[in-house]
Amino acid sequence: MPLKKSAHPFYEKLALVLVGLTALGYLIILGKDFVDPLIFGFLFSILLLPIADFFEKRIRLPRSAASFLAIIAMVAFIGGIIYLVGSQIAKLADDWPMLKKQVSGSIQDMQGWIQSTFHVNMEKQMDYVHNATNKAMSSSTAVIGTTFGALSSLLLFYSFIIIFTFLILLYRRLLFKFLLQVSGDENQQIVYDIVENVQKILRQYILGLLLEMFIVSCVACTIFLLLGINYAVLLGIIVGLFNIIPYIGIFTALFLSSLITFATGTPQDALWVAISVLGIHIIDSNVLLPMVVGSKVRLNALISFLGIVVGELMWGLSGMFLAIPVIAMLKIVFDRLETLKAWGLLLGADYEPAKITGKR
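Residues numbered from 1 in each chain as written. Predicted model: local features only at pLDDT ≥ 70, side-chain atom pairs only at ≥ 80, totals over all residues. Heavy atoms only, no water.

Describing the overall build of the protein
Step number 1: Across its full length, the protein carries 14 helices and 0 strands.
Step number 2: Mapped from its N terminus to its C terminus, the protein presents α and β elements in the order α-α-α-α-α-α-α-α-α-α-α-α-α-α.
Step number 3: Of the contacts formed within the protein by residues at least 6 apart in sequence, a portion of 68% connects residues at least 24 apart.
Step number 4: When the accessible surface of the protein is summed, it comes to about 23800 Å², and 71% of that surface belongs to carbon and sulfur atoms. (Helix = DSSP H or I, 4+ residues; strand = E, 2+ residues; numbered from the N terminus. Contact = heavy atoms within 4.5 Å. Areas by Shrake-Rupley, 256 points an atom, 1.4 Å probe, with all protein chains shown as cover.)

Written out as structure tokens, the structure is:
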């Protein structure tokens, strides 16, 4: 029998898809303040679901109390990391007089190098610095107001994440029943499969990233201590924290660790720190990441990088964090819907050569 031709040509379908994606992207940008903490709350609720189930089923606590204790455990874990980083920064602040003297010496050496290389004397350099300082001080009121506004928005953002996490954990069975009824009786098995795989893969992915962050931090701290770098623990934690941001985080960690080392040590120390960070990243990308995270999220590098860039353009730093989990969820859905399997294939990481089939 001849194949039945589609009622709509391909270019018409493609145009509708592009228009739909553009409209969806515009709505996502407009709804950032609401959708952003909602997605974070969804991810945290998936991560905390085993803990909440343990409190509810094993200890026989009410679901509200179990969900609340699971969130308390998460807040305590994050608070421990913040306390560890804060204690290291406090040590850096205690040595501020010595750091100020060392930075002043480094600035004088840099001024001498600029004078000998670009023939700009010290007086002109200081004039440039004073002019920039005066301009910055003239706008200090606006800067302070912006800082307080950003801080309040950040606290509100974290509050929304905690509230959404608690509510999703509390009403998780109601939300699941809603999905089953909306999908219809004929699609309930697909819904079960999608929900189960989303929970499994995202939980393994997040736990794998946390384990990878811990291992990278320990390795970086050990190397910096062996090299005799000042504030080795702080620099190791910075490398581990920023390493969880795919592709872009390593450059941020490299810049911050080299800058702190240059301000607290020698240029040779900064060079060794930069080489160490690059070496850790190479080993992590080729050995540690496949072992720890593995193929939990089977996405190709092109789609992952595009997702991170688009996420940063749309939502900033939070968009970079959410890009990979959101694309992974979309792939799970696409792979299980017949009409969207081609999109799931596009997102996947298939490195095997195509097999040629057919009669000879």
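Text resumes after the structure shown.
Examining the nonpolar core
Step number 1: Formed by 29 residues in total, the largest nonpolar core has its most connected members in Leu43, Val198, Leu202, Leu322 and Leu347.
Step number 2: For this core, the secondary structure elements donating two or more residues are helix H2 (32–58), helix H6 (140–170), helix H8 (188–227), helix H12 (301–315) and helix H13 (317–336).
Step number 3: Ranked by residues supplied to this core, first place goes to H13 with 9 residues.
Step number 4: With sequence-adjacent residues up to four places away left out, Leu43 is seen in contact with Leu202, Ile206, Leu322 and Pro325.
Step number 5: By size, the runner-up hydrophobic cluster in this structure holds 22 residues, among which are Leu92, Leu234, Leu235 and Ile238. (Core = buried A, V, L, I, M, F, W, Y, C linked by side-chain atoms within 4.5 Å. Buried < 20%, exposed > 50% of the residue type's maximum accessible area, 1.4 Å probe, protein only.)

A few points about a nonpolar patch on the surface
Step number 1: Side chains of Phe10, Leu14, Val17, Leu18, Leu21, Leu24, Trp343 and Leu346 sit close together on the surface and give an oily, nonpolar patch of about 760 Å² of accessible area.
Step number 2: Going through the elements one at a time, helix H1 (10–30) and helix H14 (341–347) are the ones with two or more residues in the nonpolar patch.
Step number 3: By the secondary structure assignment, Leu24 is in helix H1. (Patch = residues over 30% accessible without salt bridge, like charges linked within 9 Å, V, L, I, M, F, W, Y side chains within 5 Å. Salt bridge = Lys/Arg side-chain N within 4 Å of Asp/Glu carboxyl O.)

What to know about the packing of H12 against H13
Step number 1: Two elements in contact, H12 and H13, have axes separated by 7 Å at closest approach and are oriented at 140°. Viewed along their axes, H12 and H13 adopt a mutual orientation that is oblique. Viewed along their axes, H12 and H13 form a crossing whose handedness is right-handed. Packed against H12, whose contacting residues are Ile303, Ser304, Gly307, Ile308, Gly311, Glu312 and Trp315, the element H13 presents Leu317, Ser318, Gly319, Met320, Leu322, Ala323, Ile324 and Ile327 at the interface.
Step number 2: The class makeup of the residues in the contact of H12 with H13 is 9 nonpolar, 5 polar and 1 charged. (Axes fitted to C-alpha atoms, helices over the stretch in contact; angles between N-to-C directions. Parallel < 35°, antiparallel > 145°, perpendicular 65-115°, else oblique. Left-handed = near helix turned anticlockwise from the far one by under 90°. Nonpolar A, V, L, I, M, F, W, Y, C, P; charged D, E, K, R; others polar.)

Considerations on the packing of aromatic side chains
Step number 1: Under the counting rule described, the total for this entry stands at 7 aromatic pairs.
Step number 2: Put simply, the rings of Phe40, Phe44, Phe157 and Tyr158 touch in pairs and so form one group of aromatic residues. (Phe/Tyr/Trp six-rings, centres within 6.5 Å; stacked < 30°, edge-to-face > 60°.)

So, the pattern of salt bridges
Pairs can form between side chains of opposite charge once their charged atoms are near each other.
Step number 1: Within the structure shown, the criterion is met by 8 salt bridges.
Step number 2: With its nearest N and O atoms 3.5 Å apart, the salt bridge here joins Lys32 to Asp36. Remark: Asp36 and Lys32 occur in helix H2; sequence separation between them is 4 residues, near one turn of the helix.
Step number 3: Asp36 gets classed as buried once you look at its relative accessible area, which sits at 1%.
Step number 4: When the shortest N-O distance is used, the salt bridge between Arg173 and Glu56 registers 3.6 Å. Of the two residues, Arg173 is situated in helix H7 (residues 172–183) and Glu56 in helix H2; the sequence distance between them amounts to 117 residues.
Step number 5: We classify Arg173 as partly exposed; its relative accessible area is 33%.

Details of the side chain of Arg203
Step number 1: Mapped onto the fold, Arg203 is located in helix H8.
Step number 2: One buried charged residue, Arg203, remains without a salt bridge, the closest side chain of opposite sign being Asp53 at 6.8 Å.
Step number 3: In contact with Arg203, other than residues within four places in its own chain, are Ile46, Leu47, Leu49, Pro50 and Val198. (Lys, Arg positive; Asp, Glu negative; His and termini not counted.)

Considering the side chain of Ser217
Step number 1: Relative to the assigned elements, Ser217 resides in helix H8.
Step number 2: When its relative accessible area of 14% is taken as the criterion, Ser217 is described as buried.
Step number 3: Side-chain polar atoms of Ser217 contact the backbone oxygen of Met213, separated by 2.8 Å.
Step number 4: Those residues in contact with Ser217, other than ones at most four positions away along the chain, are Gly236, Ile237, Gly240 and Leu241. (Polar contact = N/O pair within 3.5 Å; in protein donor to acceptor, adjacent residues only side chain to side chain.)

A few points about unusual backbone geometry
Step number 1: Positive phi, normally seen in glycine, also occurs at Arg60, with a value near 65°.
Step number 2: Unusually for a residue other than glycine, Tyr231 sits at a positive phi of about 55°.
Step number 3: Along the chain, Tyr231 falls in the loop between H8 and helix H9 (232–243).
Step number 4: A relative accessible area of 13% places Tyr231 in the buried class.

Focus: the environment of Leu337
Step number 1: Structurally, Leu337 can be placed in the loop between H13 and H14.
Step number 2: Here Leu337 falls in the partly exposed class, since its relative accessible area comes to 30%.
Step number 3: Between the C-alpha atoms of Leu337 and Ile190, which are 147 residues apart in sequence, the distance is 8.3 Å.

Topic: the confidence of the model for the protein
Step number 1: Across the protein, the average pLDDT comes to 78, with 75% of residues at or above 70.
Step number 2: Highest mean pLDDT in the protein belongs to H2 (90); lowest belongs to helix H5 (residues 122–138) (55).
Step number 3: Of the regions scoring below 50 in pLDDT, residues 136–149 engages in 0 contacts with residues more than four places distant in sequence or in other chains.
Step number 4: Counting interchain partners and residues more than four positions distant, the pLDDT-below-50 stretch residues 352–360 has 0 contacts. (pLDDT = per-residue confidence, 0-100.)

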